[in-house]
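# Summary of structural features
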Amino acid sequence: MSNIESLSLEHRSFPPSESVVKQARISGMADYHQLCTKAAEDYKGFWANLARQHLFWHKPFTRTLDETHAPFYTWFDDGELNASVNCLDKHMGTPVQNKTAIIFEADDGKVTHITYQQLLERVCQFANALKAHGVHQGDRVIIYMPMSIEGVIAMQACARIGAIHSVVFAGFSANALHERMVDTEAVAVITASHQHRGGKILPLKTIVDEALSLGHCDAVQHVFVYQRSETPCPLTPKRDKTFADILANQPNTCEPVIVNAEHPLFILYTSGSTGKPKGIQHATAGFLLWAKLTMDWVFDMRPEDIFWCTADIGWITGHTYIAYGPLAAGATQVIFEGTPSYPHAGRFWEMIERHRCSIFYTAPTAIRSLIKASEAHPEVHPAHYDLSSLRLLGSVGEPINPEAWMWYYQHVGGKRCPIVDTFWQTETGGAVISPLPGATPLVPGSCTLPLPGILASIVDETGHTVPHGTGGMLVFEKPWPALARTIWRNPERYQLAYFPASLGGHRYLAGDSAVRRPDNGYFCMIGRMDDVLNVSGHRLGTMEIESALVALTELVAEAAVVACPDPLTGEAICAFVVLKGAYPSDHEAKQIAVRLREGVTQNIGAIAKPKYIYFGESLPKTRSGKIMRRLLRNIAKGESITQDTSTLENPDILAQFDRVY
Ligand code: PRX
């Protein structure tokens, strides 16, 4: 065993091979440092050059960054452009025109290819249909769609006419959808009759009907329905129309609406520590610049690449690295409708082999579940598939544990593919801390270093930078073009949540705690510092889940939700519930737990269902009435409580939490 192999995983370093370095855009650490120095010496000039180089401007900008109304920064704000032109039209007349833009694989394995020219034509037709139904620049459009070429077309068509899309993950419930329809005052909803996942056909349009029936969405004039299956779905006359109806006779060219650089491209809701999900608002030019640039930097995109990001368009990863980034980069990408385990847990590897994917980007939870599956069913181990087309792997959404990293590296990447562990958030618009495949030596479990132009630090409560090796709060010292502009119609919340006065009021507070390695300064993410949970890479607020439980008014008096570590999903949801009735018997508790999970599924979606439920006659509280969440976390982790509980108003209560459902 060589010295390096005897080191524990977290201390091993995997430098890029010479051949990878030689071919890379950013080639070696000297290149990386040179870019960082350029940004440090002339921050505005750095970004202005990149924006001129990577975006097609109808009206060039003269101003780069305006900090007058900090933290409401604006970028390139006298420039004008259109996002769909930057993803599609710009490729016409180039070799990309007839290149495959999307390889779509349906749940049942049926494969459809669409070229850039065909995609542009279909986006134009859809944009014309939206205009014909009175959708204008600035109007909000909800997209509630399964993974499909049509979903991407819907997003691009909105961008083409300057309408602001708000994609809602198709796993969210009618309530969650309703909340987003009301908050955005959407004028139209784009949906599908059904979604096909894991061999099942699930109704989708009926959830839209249910959401609309909840009221207060009078702004919604139209529901456009993609007929995904033969099974008809109910259509409300006048309001609902199928894609076939609205697209018939629409020309396949459409003059793009040229918008200001700061025009909102989309609103995407994400969970925060308090209240309802926040409508994160992104600006057209800044977002698009970063989507394109990180395709080049982080994925080192080449013309012959086949890129596959397994995220859903309902999340930010699907916005940046499916709907916009790959198209802006002129890539061929795979879009998958189904789930990794259907019809068997080798589906991902089979698809990489079938489509000769060269870049594969997925979440640690998926990797962990496939490790487990291949232990139980050796025939779905990646060794049984030809993965020789791969040259680069990526990870996103949650910390990747070194063991899962190593398995991914060895068995999927054949020890030859770098892994880019990309740290980012809905708010950051794209990857912000990530290795560069042709430069950064990799260390399992670390997302390594900030990308050029991104100034990340770790600080204590007083805002002072902590020494390497000491944990603290992750902050970004300066804004960059892709940072979210605001929370939709709630600028106060934006300022309060992300730019606390205690840190100077101008630094972006990510909400994650992190530590830098003493040996190389690499960033390692520890986890959220606020009441945000990360279950399988899905971001959920404890408050949201608590509200969903308490909404079951006939049953629940009080609820508290905490996270507990989970070997598969990273974190699991653990709920402590006080019932209105008497403390339940074992039999009653089982039945009630089923109803509580159903209630949360109905209120938010199945992803928010608590894995563990405890019942008690009350929650552990201080004498001033504050719930002692720390104790609940101990119980959830199965730890014995060693700390002093004498400050608790009701210390005996802890003994009740000995049964879990
Ligand atoms: O806690 C961090 C975690 O996911 C959060 C952001 O969630 P969301 O806005 O849904 O975006 C997810 C996809 C970009 C972060 O605050 N997170 C994301 N990527 C990583 C991560 N934690 C550790 N390592 C990562 N690579």
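One can find the structure itself at the top, above this paragraph.
Just so you know, the residues in each chain are numbered from 1, in the order the chain's sequence is written. Note on the predicted model: pLDDT of at least 70 is required for a residue's local features to be given, and 80 or more for side-chain atom pairs to be given and counted; whole-chain, interface and lining totals, by contrast, use all residues. Working from all heavy atoms in the structure, the side-chain values ignore hydrogens and water.

## A short note on the overall build of the chain
What counts here: Note on conventions: DSSP H or I runs of at least 4 residues are helices, E runs of at least 2 residues are strands, and numbering of each starts at the N terminus. Here the globule rule reads 2.2 Å times residues to the power 0.38, and the radius of gyration is calculated from C-alpha atoms. Only protein chains enter the calculation, and the probe is 1.4 Å; a residue is then buried if its accessible area is under 20% of its type maximum, exposed if over 50%, and partly exposed in between.
In terms of regular secondary structure, the chain is built from 19 helices and 30 strands. Relative to its length of 661 residues, the chain is compact, with a C-alpha radius of gyration of 25 Å against a globular reference of 26 Å. If you line up the chain on its principal axes, its C-alpha atoms span 75 × 70 × 60 Å. Counting every position in the chain, which comprises 661 residues, the buried fraction comes to 61%.

## Things to note about the sheet that holds strand E4 (residues 100-105)
Selection criterion: When DSSP finds at least two bridges between two strands, those strands are taken to pair. For helices, the fitted axis covers only the stretch in contact; all axes are lines through C-alpha atoms, and the angles between them, taken along N-to-C directions, range from 0 to 180 degrees.
An order of E5-E4-E17-E16-E18-E19-E20 is seen for the seven strands of this open sheet, with the pairing classed as mixed. The open sheet has two edge strands with one neighbour each: strand E5 (111-115) and strand E20 (419-422). Going across the sheet, the axis of each strand differs from the next one's by a mean of 20°, ignoring polarity.

## Some thoughts on the side chain of Glu546
Heads up, the condition is: N or O atoms within 3.5 Å of each other form a polar contact, as long as, within protein, one can give a hydrogen and the other can take it, and as long as residues adjacent in sequence are counted only when both atoms are side-chain atoms. Note on contacts: a residue pair qualifies if any of its non-hydrogen atoms lie within 4.5 Å across the two residues.
Among the secondary structure elements, Glu546 is positioned in helix H17 (residues 542-550). When its relative accessible area of 8% is taken as the criterion, Glu546 is described as buried. Among the polar contacts made by the side chain of Glu546, one reaches the side chain of Arg629 at a distance of 3.0 Å. In contact with Glu546, other than residues within four places in its own chain, are Ala559, Ala560, Val561 and Arg629.

## A few points about the pairing of strand E14 (residues 264-270)
Most of E14 sits out of view: seven of its seven residues are buried. Inspection of the sheet shows E14 paired to strand E15 (residues 278-283) by six bridges, in the antiparallel sense. By the bridge assignment for E15, Leu268 is matched with Ile280.

## Re the packing of helix H4 (residues 43-54) against helix H11 (residues 284-297)
What counts here: Roughly parallel here means an angle under 35 degrees, roughly antiparallel means over 145, roughly perpendicular means 65 to 115, and every remaining angle is called oblique. Classification used: nonpolar for Ala, Val, Leu, Ile, Met, Phe, Trp, Tyr, Cys and Pro, charged for Asp, Glu, Lys and Arg, polar for all others including Gly.
Relative to each other, H4 and H11 sit at 90°, their axes nearing to 10 Å. Classified by the interaxial angle, the pair formed by H4 and H11 is roughly perpendicular. In contact with Phe46, Trp47, Leu50, Ala51 and His54 of H4, H11 contributes Leu289, Trp290, Lys292, Leu293, Asp296 and Trp297. The class makeup of the residues in the contact of H4 with H11 is eight nonpolar, one polar and two charged.

## Considerations on the environment of Ala174
Tracing the backbone through its elements, the reader meets Ala174 in helix H8 (residues 174-184). A relative accessible area of 6% places Ala174 in the buried class. Sequence-wise, Ala174 and Val208 are 34 residues apart; in three dimensions their C-alpha atoms are separated by 6.5 Å.

## A look at the pairing of strand E11 (residues 222-226)
The buried count for E11 comes to five of five residues, which makes it a mostly enclosed element. Of the two faces of E11, the one holding His222, Phe224 and Tyr226 and the one holding Val223 and Val225 are both buried throughout. Relative to strand E12 (residues 240-242), E11 runs parallel, the two being bridged by three bridges. Residue pairing for E12: Val223 is matched across the bridge by Asp240.

## Digging into helix H19 (residues 629-636)
Along H19, six of the eight residues are buried, which leaves the element largely enclosed by surrounding structure. Looking at the buried positions of H19, the neighbouring elements they touch are H17, strand E28 (556-566), strand E29 (570-579) and strand E30 (612-616). After H19 finishes, the residue Gly638 shows a positive phi value of roughly 75°.

## Considering the sheet that holds strand E21 (residues 456-459)
Pairing between sheet strands relies on hydrogen bonds along the backbone, with the strands arranged either parallel or antiparallel. Read across the sheet, four strands follow the order E21-E22-E24-E25 without closing on themselves; strand pairing throughout is antiparallel. A single partner strand is all that each edge strand has here, and the edge strands are E21 and strand E25 (523-528). Averaged over all pairs of adjacent strands, the angle between their axes in this sheet comes to 45°, without regard to strand direction.

## Examining the site of the ligand
What counts here: Any residue with a non-hydrogen atom lying within 4 Å of a molecule or strand is treated as near it. For accessible areas, the Shrake-Rupley method is used with a probe of radius 1.4 Å. Any residue's cover is judged against the shown protein chains and nothing else.
Looking at the ligand, there are 17 residues lining it, with Asp421, Thr426, Asp512, Arg528 and Arg539 nearest. One of the side-chain nitrogen or oxygen atoms of Asp512 is found 2.4 Å away from an oxygen atom of the ligand. When the ligand sits alone it has 540 Å² of accessible area, and the protein chains cover 95% of it. Elements represented by at least two residues in the shell around the ligand include exactly helix H12 (316-328), E20 and E25. By residue class, the composition of the shell around the ligand is six nonpolar, six polar and five charged.

## Some details on unusual backbone geometry
Here the bond from Ala70 into Pro71 is cis, since omega is 5°, no more than 30 degrees from zero. Relative to the helices and strands, Pro71 resides in the loop between strand E1 (65-66) and strand E2 (74-75). That bond from Tyr342 to Pro343 is cis: its omega, -5°, falls within 30 degrees of zero. On the secondary structure map, Pro343 appears in the loop between strand E17 (332-336) and helix H13 (347-355). Its identity as a non-glycine residue notwithstanding, Asp300 has a phi of 45°, on the positive side. Following the sequence through the fold, Asp300 ends up in the loop between H11 and strand E16 (306-309). On the basis of relative accessible area, Asp300 is assigned to the buried category, the value being 4%.

## Considering the environment of Ile367
Of note, Ile367 is situated in helix H14 (residues 364-376). Ile367 sits in the buried class, given a relative accessible area of 1%. If we ignore the near neighbours within four places in the chain, the residues touching Ile367 are Thr362, Ile400, Ala404, Trp407 and Tyr408.

## A few points about the packing of aromatic side chains
Condition: Centre distance within 6.5 Å is the pairing criterion for rings of Phe, Tyr and Trp, where only the six-membered ring of Trp is used; planes under 30 degrees apart are then read as stacked, over 60 as edge-to-face, and the remainder as tilted. Note on criteria: charge over ring means Lys NZ or Arg CZ within 6 Å of the ring centre, with the direction from the centre no more than 35 degrees off the ring normal.
Here the structure, examined in full by the defined rule, presents 46 aromatic pairs. These aromatic residues form a ring-pair network of at least three members: Tyr43, Phe46, Trp47, Trp57, Phe61, Trp75, Phe76, Trp290 and Trp297. The ring of Phe172 is capped by Arg180, whose NZ or CZ atom sits 4.6 Å from the centre of that ring. For Lys478, the ring lying beneath its charged end belongs to Tyr43, and the centroid distance is 4.9 Å.

## Some details on the nonpolar core
The tendency in soluble globular proteins is for nonpolar side chains to be buried as a group. To keep things clear, this is the line we draw: For the purposes of this section, nonpolar cores are sets of buried Ala, Val, Leu, Ile, Met, Phe, Trp, Tyr and Cys residues that join through side-chain atoms within 4.5 Å.
Ranked by internal contacts, the top residues of the largest apolar core, which has 175 residues, are Tyr324, Phe476 and Trp480. For Tyr324, the residues in contact, after removing those within four places along its chain, are Ala83, Cys87, Met155, Gln156, Ala159, His165, Leu265, Phe287, Leu288, Ala291 and His319. Membership of the second largest hydrophobic core comes to 35 residues, among which are Phe336, Phe348, Val380 and Leu393.

## A look at helix H18 (residues 586-603)
How we decide: What a helix is expected to span follows from its residue count: subtract one and scale by 1.5 Å. The arc in question is the one traced by the directions running from the helix axis out to the C-beta atoms.
The terminal C-alpha atoms of H18, which comprises 18 residues, lie 26 Å apart, in line with the 26 Å expected from a rise of 1.5 Å per residue. Buried within H18 are the following residues: Ala589, Ile592, Ala593, Leu596, Arg597, Gly599 and Val600. Burial along H18 is one-sided: seen end-on, the buried residues are contained in an arc of 160°. In H18, the exposed positions that point more than 90 degrees away from the buried face belong to His587 and Gln602.

## Details of the state of the cysteines
Test applied: For this text, the term disulfide refers to a pair of cysteine sulfurs within 2.5 Å.
Scanning the entire structure with this criterion turns up zero disulfides. Residue Cys124 stays outside any disulfide, its sulfur separated by 5.4 Å from that of Cys254, the closest cysteine. Cysteine Cys574 remains unbridged, with the sulfur of Cys564 as its closest cysteine sulfur at 4.9 Å.

## Brief notes about the pattern of salt bridges
One side chain can pair with another of opposite charge once the charged atoms of both are near each other. The line we're drawing: Definition used for salt bridges: Asp or Glu carboxyl oxygen within 4 Å of a side-chain nitrogen of Lys or Arg.
Enumeration over the complete set of coordinates arrives at 32 salt bridges. Put simply, Arg25 and Asp300 hold a salt bridge, and the shortest N to O gap is 3.1 Å. A residue pair is termed long-range when its members are at least 10 positions apart, and Arg25 in the loop between helix H2 (18-23) and helix H3 (29-41) and Asp300 in the loop between H11 and E16 qualify at 275 residues. Linking Lys292 and Asp296 is a salt bridge whose minimum nitrogen-to-oxygen distance equals 2.9 Å.

What is shown is where atoms sit, not what they do.
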